[in-house]
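Examination of the molecular architecture
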Amino acid sequence: MKDTVILVVTGSVAAYKSALLARRLMERGLLVKVAMTASAERFITPLTFEALTGLPVLRAGFPQSGQAPMEHINFSRGARLVVIAPATANTLGKLAHGVADDSILSMLLACGLPVMAAPAMNTQMYKHPAVQSNISTLAARGVTFIGPSSGSLACGEEGEGKMEDVETIFAAVMEKLGGVKDLAGARLLVTAGGCQEPIDPVRYIGNRSSGKMGLAVARVAAGRGAEVTLVAAHMEPSLPGTGTPEGIRVIRAQTAVEMQEAVRQEFVRCDILVMAAAVSDYRVESPAAEKVKKKSAMRLDLIENPDILASVALEKGDRVVAGFAAETEDHLASGRKKLMAKNLDLIVINDVSRGDIGFGSDYNEVTLLTRDGKKIEIARATKDVVAGAVLDHAAAIWRASQAMEQPEAS
Ligand code: C5P
């Protein structure tokens with residue numbers, strides 16, 4: 001039996017994003033039942049949601065004679081939670097004061113479910129004491145607010161009031177639901193951190209990778225029920241400090257060659273490889289056995305390291321292989337080239353020239369490219385949210401390849 005979520009759409013320009021939210025929730029295996037206020041229907045039609053979800057939409061008008069009279073009561077039966085996205089000042093105000101002048105508000109008052117709300121409105125409206133007081137009332141009653149964020153609003157102004165990004169709302173809903181084990185049965189191999197290539201016993205050539213992105217992929221996958229093996233190079237902060245979660249088997253690998261050995265050994269037993277480690281492209285040809293004495297100049301002869309990802313992806317069979325591309329220029333073109341050249345199913349491209357995301361940060365903003373030509377932009381969000389999106393797409397490719405392999409008996 002699938003978990004059911006009620007998505008309430010109210011009348012804001014952001015309503016078009018609710019269609020994407022519905023799709024994301026369904027991709028995670030949830031049943032999505034949509035309810036729309038009358039003003040929401042001025043921005044997006046019920047038909048859009050009916051086509052997407054395959055289920056009838058609860059509309060604002062009270063039932064006419066001959067129609068199911070208790071639909072606003074029955075609609076939410078068996079659901080796990082309600083998410084109002086976008087949530088207008090009007091609907092929040094009515095809900096705070098127990099107004100039930102349409103089917104949607106009646107359903108909200110009658111459902112008895114946990115409610116989450118993603119406000120969307122003009123900055124001045126959002127800051128108005130009446131709206132703030134309604135939000136406080138609802139929060140005190142247990143409503144969870146997601147956002148709003150700041151940015152350019154549909155009214156042309158800049159400021160707080162923008163509906164939170166779809167991925168962030170989606171992740172908040174999933175967290176609230178907890179325990180959705182949609183990756184149970186999948187075996188994930190994840191690499192993380194920056195390789196270090198020794199120059200001598202005390203010095204090395206390294207890079208700025210913190211390992212946070214790969215660790216987020218491992219942690220989120222394990223939380224969703226996958227069996228996870230993490231091949232970890234240098235992590236910042238170090239792995240025990242980052243709290244290796246239960247259920248993740250960790251193999252340490254300092255250099256590219258060590259990482260290649262670990263990946264080769266584990267690859268045969270995995271379904272999905274996510275290669276988030278920053279592997280050194282070069283290593284010192286002959287590292288010194290003793291600490292090199294200080295001198296006025298020093299010359300290092302470097303040789304090329306193996307490309308781990310490209311080498312295993314050559315023999316990937318029906319495994320799904322995802323790589324990362326840390327780029328400073330021509331991101332998409334370079335990423336697409338790597339996707340093809342390394343025989344990947346998916347590549348996650350990030351712009352490492354930006355200081356507010358990427359290296360060491362808890363945030364990232366990426367573009368995913370798939371082998372079958374999809375391009376998915378993930379707006380700036382926590383690395384956990386980005387990891388969730390990467391896993392969704394990798395898992396979708398994996399499930400599709402499995403479905404092709406095992407045609408249903410007719
Ligand atoms: O070619 P580039 O280093 O940009 O490719 C990045 C992707 O390839 C990452 O997923 C990284 O983990 C992987 N890689 C690898 N072996 C290397 C270099 C990169 O597996 N020697």
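Residues numbered from 1 in each chain as written. Predicted model: local features only at pLDDT ≥ 70, side-chain atom pairs only at ≥ 80, totals over all residues. Heavy atoms only, no water.

1. Section: the overall build of the protein
Here is the rule: Helix and strand definitions here come from DSSP, where helices need a minimum of 4 consecutive H or I residues and strands a minimum of 2 consecutive E residues; each element is numbered from the N-terminal end. Burial classification: accessible surface area is computed with a 1.4 Å probe over protein chains only, and a residue below 20% of its type maximum counts as buried, one above 50% as exposed, and the rest as partly exposed. In this analysis, two residues are considered to be in contact whenever any of their non-hydrogen atoms come within 4.5 Å of each other. Residue-level accessible areas treat just the shown protein chains as cover; the underlying method is Shrake-Rupley with a 1.4 Å probe.
A count of helical and extended segments in the protein gives 14 helices and 20 strands. Across the 410 residues in the protein, those meeting the buried criterion constitute 50%. Summarising the internal contacts of the protein: among those between residues at least 6 apart in sequence, 68% fall at separations of at least 24. In the structure as shown, the protein presents an accessible area of about 19600 Å², 52% of it carried by carbon and sulfur atoms.

2. Brief notes about the site of the ligand
To keep things clear, this is the line we draw: Consider each residue's heavy atoms; a residue with any of them within 4 Å of a molecule or strand counts as near. Whenever two N or O atoms come within 3.5 Å, that pair is a polar contact, provided that in protein one can donate a hydrogen and the other can accept it, and provided that, for residues adjacent in sequence, both atoms are side-chain atoms. A 1.4 Å probe that fits into a set of points on a 1 Å grid over the protein atoms alone but cannot get out defines a cavity; an open set with protein on both sides within 12 Å along at least five of seven lines defines a pocket, and lining residues are those with an atom within 4 Å of a point. Those molecules having more than half of their atoms within 2 Å of a cavity or pocket grid point set are described as sitting in that cavity or pocket.
Residues in close proximity to the ligand include Met275, Ala277, Val279, Asp281, Pro306, Asp307, Ile308, Leu309, Gly323, Phe324, Lys338 and Lys342, which together make up its full environment. Contact between the ligand and alanine 277: an oxygen atom at 2.7 Å from a main-chain N or O atom of the residue. A distance of 2.4 Å separates an oxygen atom of the ligand from a polar atom in the side chain of lysine 338. In this structure, the ligand is accommodated by the largest pocket. Of all the elements in the fold, those that place two or more residues in the shell around the ligand are α12 (308-313) and β17 (320-327).

3. Some words on the nonpolar core
Stated formally: Nonpolar cores were defined as sets of buried Ala, Val, Leu, Ile, Met, Phe, Trp, Tyr and Cys residues, with membership established by side-chain atoms within 4.5 Å.
Leu188, Val228, Leu230 and Leu368 are the most contacted members of the largest nonpolar core, which has 42 residues in total. The leading source of residues in this core is helix α14 (residues 383-405), at nine residues. Contact partners of leucine 188, with chain neighbours within four places excluded, come to Ala221, Ala226, Glu227, Val228, Thr229, Ile272, Val274 and Leu391. In terms of nonpolar packing, the next biggest core, distinct from the first, is built from 33 residues, Ala22, Val83, Ala118 and Met163 among them.

4. Section: the packing of helix α1 (residues 15-27) against helix α8 (residues 166-177)
Under the convention used in this document: The angle between two axes is taken between their N-to-C directions and runs from 0 to 180 degrees, where each axis is a line fitted to C-alpha atoms and a helix contributes only its stretch in contact. Here the angle decides the label: under 35 degrees means roughly parallel, over 145 means roughly antiparallel, 65 to 115 means roughly perpendicular, and every other value means oblique. Put simply, a crossing is left-handed when the front helix is turned counterclockwise from the back one by less than a right angle, and right-handed when it is turned clockwise. Throughout, the ten residues Ala, Val, Leu, Ile, Met, Phe, Trp, Tyr, Cys and Pro are labelled nonpolar, Asp, Glu, Lys and Arg are labelled charged, and all others, Gly among them, are labelled polar.
One can describe the packing of α1 onto α8 by two numbers: an axis separation of 10 Å at closest approach and a directional angle of 40°. In terms of their interaxial angle, α1 and α8 are classed as oblique. The handedness of the crossing between α1 and α8 is right-handed. Facing α1, whose interface residues are Lys17, Leu20, Leu21, Arg24 and Leu25, α8 presents Val166, Glu167, Ile169, Phe170, Val173 and Met174. Split by residue class, the contact of α1 with α8 holds eight nonpolar, no polar and three charged.

5. Let's talk about the domain arrangement of the protein
The line we're drawing: What marks off one domain from the next here is an automatic or database domain assignment. Buried area is calculated as the accessible area (1.4 Å probe) missing from two parts once they are joined, with the contributions of both summed. The term salt bridge refers to a pairing of a side-chain nitrogen on Lys or Arg with a carboxyl oxygen on Asp or Glu at a separation within 4 Å.
When cut into domains, the protein gives domain 1 (4-177) and domain 2 (187-405). Each of domain 1 and domain 2 has a C-alpha centre, and the two are 38 Å apart. Tallying the contact residues gives seven residues for domain 1 and eight residues for domain 2. Together, the buried faces of domain 1 and domain 2 total about 590 Å²; carbon and sulfur atoms form 49% of this surface. The closest approach of N and O atoms between arginine 28 and aspartate 392, which form a salt bridge, is 2.8 Å. The tally of links between domain 1 and domain 2 comes to two residue pairs in polar contact (both at pLDDT 80 or more). By residue class, the composition of the side of domain 1 that touches domain 2 is two nonpolar, one polar and four charged.

6. Points about the pattern of salt bridges
Oppositely charged side chains can form a pair if their charged atoms are brought close together. A complete count under the given rule lists 23 salt bridges for this structure. Salt-bridge contacts for aspartate 372 lead to lysine 374; the nearest nitrogen and oxygen are separated by 3.8 Å. A residue is classified by how much of its surface remains accessible, and aspartate 372, at 58% relative accessible area, is exposed. Overlapping salt bridges bring together Arg23, Arg24, Glu27, Arg28, Glu167, Asp182, Arg224, Asp392 and Arg399 as one network.

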